[in-house]
Amino acid sequence: MIKILAACGAGINSSHQIKSAIEEEMKERGHDVKVDAVVVKDINKEMMDQYDIFTPISKTKFSFEVKPPVVEAGPILYRIPAMADPVFDELENVIKKLDK
Amino acid sequence: MEALKSYFDKELIFIEDAKDQNEIFNRIGKILYEKGIVNDKFIDALIEREKNYPTGLDLKPVSVDLPNAAIPHTETEYCHRKHVVFVKLEKPVLFKNMIAPDQELEVTYLFFIINNEKDSQTNILSELMGFLTAAENVNKLEKLQNKDEIYRFLTNNIN
């Protein structure tokens, strides 16, 4: 199973939307993923290192090196295929490369 | 689940002219504070939050000629209630793009999301996105010039 960490700033639960969209779409594409949704400021290196892929809303800076591959997931929030599909495609490519 | 349209309020629909984001944040923040909807730290939190996690939504992917929108908000601790505050700007102000913060967007429509519950079941963002990604909705907003009409349109077209 691929573990994915989705992150946003707090307030309107956008990372939860990213989580459900990714889980649904990847399941449809035949990948076994589990997404955890958190707020950016709660992420530390120890947490980040437990994940296979990191999917923030947009490019996010941390004081530590981000080990997992990063896929920017913000376009998923538009909920229109023209925006979301390229993100899902990129995510799927990363999942295939992980070869788990 | 509470319907998103119940978050709109006739008194919380504005048509404003502001020179920049700071001015409109301060003006709307002051009104919300005076109405007891947010606390005294809301404006600072809103400005700081926008700096760190911008909320501009580029609507070009929906249709190239649409004006852009933004969904400014804070963490729940600054809000006493749940509302969506609508502002139509007479001329756009600059926001950074939520999904590409190094890009600036000219924004005409603001939907301030006021939420006091961390685990609110209403998916405010996805409902709003559903509304904004239908080009005919934004085109219609462009034509409406009075607050009552805007209120009616929003509550008739958002679930």
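Just above sits the structure.
Reading guide: rules and limits
- Every chain begins its residue count from 1, and numbering advances along the sequence as written.
- Ligands are numbered from 1 and chains lettered from A, in the order in which they are written.
- Owing to the predicted nature of the model, reporting of local features is limited to residues with pLDDT of at least 70; listing and counting of side-chain atom pairs is limited to 80 or more, with chain, interface and lining totals taken over all residues.
- No hydrogens and no water enter the side-chain calculation; it runs on all heavy atoms of the structure.
- The numbering of helices and of strands both runs from the N terminus, where a helix is a DSSP run of H or I of at least 4 residues and a strand a run of E of at least 2.
- This radius of gyration counts C-alpha atoms alone. The globule rule is 2.2 Å times how many residues there are, raised to the power 0.38.
- Burial classes: relative accessible area under 20% of the type maximum marks a residue as buried, over 50% as exposed, and values in between as partly exposed (1.4 Å probe, protein chains only).
- Whether two residues are in contact is decided by their heavy atoms: any pair within 4.5 Å suffices.
- The method behind every accessible area is Shrake-Rupley, applied with a 1.4 Å probe, and residues are considered shielded solely by the protein chains displayed.
- Only four residue types enter the charge count: Lys and Arg as positive, Asp and Glu as negative, with His and the chain ends excluded.
- For charged residues, the charge sits on one atom: NZ in Lys, CZ in Arg, CG in Asp, CD in Glu.
- A pair of strands is treated as paired once DSSP finds two or more bridges between them.
- For any pair of parts, buried area is found by adding up, for both, the accessible area (1.4 Å probe) each one loses once the two are put together.
- We count a salt bridge whenever a side-chain nitrogen from Lys or Arg sits within 4 Å of a carboxyl oxygen from Asp or Glu.
- Pairs of N or O atoms within 3.5 Å make up the polar contacts considered here, provided that, within protein, one atom can donate a hydrogen while the other can accept it, and that residues adjacent in sequence are counted only when both atoms are side-chain atoms.
- Aromatic pairs are defined between Phe, Tyr and Trp rings, using the six-membered ring for Trp, whenever the two ring centres lie within 6.5 Å; interplanar angles under 30 degrees are classed as stacked, those over 60 as edge-to-face, and all others as tilted.
- Look at NZ for Lys and CZ for Arg. If either is within 6 Å of the ring centre and within 35 degrees of the ring normal, a charge sits over the ring.

## Here's the deal with the overall build of chain A
Thought 1: Check the secondary structure of chain A and you find three helices and three strands.
Thought 2: The C-alpha radius of gyration computed for chain A amounts to 12 Å, which stays within 12% of the reference 13 Å derived for 100 residues, consistent with globular compactness.
Thought 3: The principal-axis extent of the C-alpha atoms belonging to chain A is close to 35 × 30 × 20 Å.
Thought 4: Taken across its 100 residues, chain A has 52% of its residues classed as buried.
Thought 5: When contacts within chain A are restricted to residue pairs at least 6 apart in sequence, long-range pairs at least 24 apart make up 56% of them.
Thought 6: As presented, chain A carries roughly 5,100 Å² of accessible surface, and 48% of it is formed by carbon and sulfur atoms.
Thought 7: Of note, chain A has its 14 positive side-chain charges centred 4 Å away from the centre of its 17 negative side-chain charges.

## Digging into the pairing of strand 3 (residues 53-56) of chain A
Residues and elements named next belong to chain A.
Thought 1: Alternating positions in strand 3 separate into two faces, Ile 53 and Thr 55 on one and Phe 54 and Pro 56 on the other, with burial throughout.
Thought 2: Pairing between strand 1 (residues 2-8) and strand 3: four bridges, direction parallel. If you follow Ile 4 over to strand 3, its bridge partner there is Ile 53.

## Here's the deal with unusual backbone geometry
All names here are of chain A.
Thought 1: A positive phi angle, near 60°, is found at Asn 13, a position not held by glycine.
Thought 2: The topology assignment puts Asn 13 in the loop between strand 1 and helix 1 (14-28).
Thought 3: Phi at Arg 79 takes a positive value of approximately 55°, unusual for a residue other than glycine.
Thought 4: Turning to its location among the elements, Arg 79 is positioned in the loop between strand 3 and helix 3 (81-98).

## Comments concerning the interface of chain B and chain A
Thought 1: Taken together, the contact pairs 25 residues of chain B with 19 residues of chain A.
Thought 2: Between chain B and chain A, the buried area comes to about 1,800 Å², and carbon and sulfur atoms account for 62% of it.
Thought 3: Ranking the residues of chain B by area buried against chain A places Tyr 53, Ile 99 and Leu 125 of chain B at the top, with a combined share of 30%.
Thought 4: Across the chain B-chain A interface, the total number found is one salt bridge.
Thought 5: Linking chain B with chain A are four residue pairs in polar contact (both at pLDDT 80 or more).

## Brief notes about the packing of aromatic side chains
Thought 1: Going through the model one piece at a time under the given rule, you end up with eight aromatic pairs over all chains.
Thought 2: With centroids separated by 5.7 Å and ring planes inclined at 65°, the aromatic side chains of Phe 54 of chain A and Phe 62 of chain A adopt a geometry described as edge-to-face. Each member of the pair Phe 54 of chain A and Phe 62 of chain A is classed as buried.
Thought 3: Aromatic side chains Phe 86 of chain B and Tyr 109 of chain B sit 5.9 Å apart centroid to centroid with 35° between the ring planes, which places their arrangement in the tilted category. Taken as a pair, Phe 86 of chain B in strand 4 (residues 83-97) and Tyr 109 of chain B in strand 5 (residues 100-114) lie far apart in primary sequence, 23 residues in all.
Thought 4: Overall, Tyr 109 of chain B belongs to the buried group, its relative accessible area being 1%.
Thought 5: Pairwise contacts between aromatic rings join Phe 86, Tyr 109, Phe 111, Phe 131 and Phe 153 of chain B into one cluster.
Thought 6: Over the aromatic face of Tyr 51 of chain A sits the side chain of Lys 3 of chain A, whose NZ or CZ is 5.0 Å from the ring centroid.

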